[in-house]
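Chain by chain, the residues run as shown.
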Amino acid sequence: MNNEKENKMPADLQPIIDDMTEADTVMDAAIIFIQGVPSLIQAAVDAALANGATAEQLQPVSDLAAVTKAKADALQAALNPPLP
C-alpha cells in the first residue's frame, strides 16, 4: 500500500481556517465555515471516487453537500438582502 496516498488530505483546510480566524465576529466565522463545507464535502467525494468508491455509494454524502450549499446560500441571502 502507498501510505502517502492514504494519508493525503482530500482538501486543504487552511484557507477556511485562516478566513475564520480573520473574521471580525463569531457570526462571520460561522458563515465562512458554513459556506466552506460544501466544497470540503465535494473534495472528499472526489477523492473517494478516485480511490474506487462509486457515485451510488457516495450519493448520501453528495446529497448532504447539496443541502448544505442550499442552506448556506439561503443564509447568505437572508443576511445580505438585495438593495431596493
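Treat the numbers as computed from the prediction; the structure is a model and nothing was measured. (Residues numbered from 1 in each chain as written. Predicted model: local features only at pLDDT ≥ 70, side-chain atom pairs only at ≥ 80, totals over all residues. Heavy atoms only, no water.)

Chemist: Help me get a handle on the overall build of the chain, residues and values and all.
Modeler: For the chain, the helix and strand inventory stands at 4 helices and 0 strands. What you see in the chain, going N to C, is helices and strands ordered as α-α-α-α. Counting across all 84 residues of the chain, residues that qualify as buried make up 18%. Residue pairs in contact within the chain that sit at least 24 positions apart in sequence constitute 57% of those at least 6 positions apart. Accessible area for the chain stands at about 6300 Å²; split by element, carbon and sulfur atoms hold 62% of it. (Helix = DSSP H or I, 4+ residues; strand = E, 2+ residues; numbered from the N terminus. Buried < 20%, exposed > 50% of the residue type's maximum accessible area, 1.4 Å probe, protein only. Contact = heavy atoms within 4.5 Å. Areas by Shrake-Rupley, 256 points an atom, 1.4 Å probe, with all protein chains shown as cover.)

Chemist: Which residues make up the environment of L58, and what values do they have?
Modeler: Structurally, L58 is set in helix α4 (residues 55-79). Taking the C-alpha atoms as reference, L58 lies 9.7 Å from D46; in sequence the two are 12 residues apart. Setting aside residues up to four positions removed in sequence, L58 forms contacts with V45, A48, L49 and A53.

Chemist: Just give me the short version of the confidence of the model for the chain, but keep the residues and values in it.
Modeler: Per-residue confidence for the chain averages 85 on the pLDDT scale, and 87% of its residues sit at or above 70. Confidence, expressed as mean pLDDT per element, reaches its minimum in the chain at helix α1 (residues 3-7) with 49 and its maximum at helix α2 (residues 14-22) with 92. (pLDDT = per-residue confidence, 0-100.)

Chemist: Can you break down the side chain of T68 residue by residue, with the values?
Modeler: As for its position among the elements, T68 is in helix α4. When its relative accessible area of 18% is taken as the criterion, T68 is described as buried. Of the polar contacts made by the side chain of T68, one reaches the backbone oxygen of L64; its length is 2.7 Å. Residue contacts for T68: discarding those within four places in its chain leaves I34, V37 and P38. (Polar contact = N/O pair within 3.5 Å; in protein donor to acceptor, adjacent residues only side chain to side chain.)

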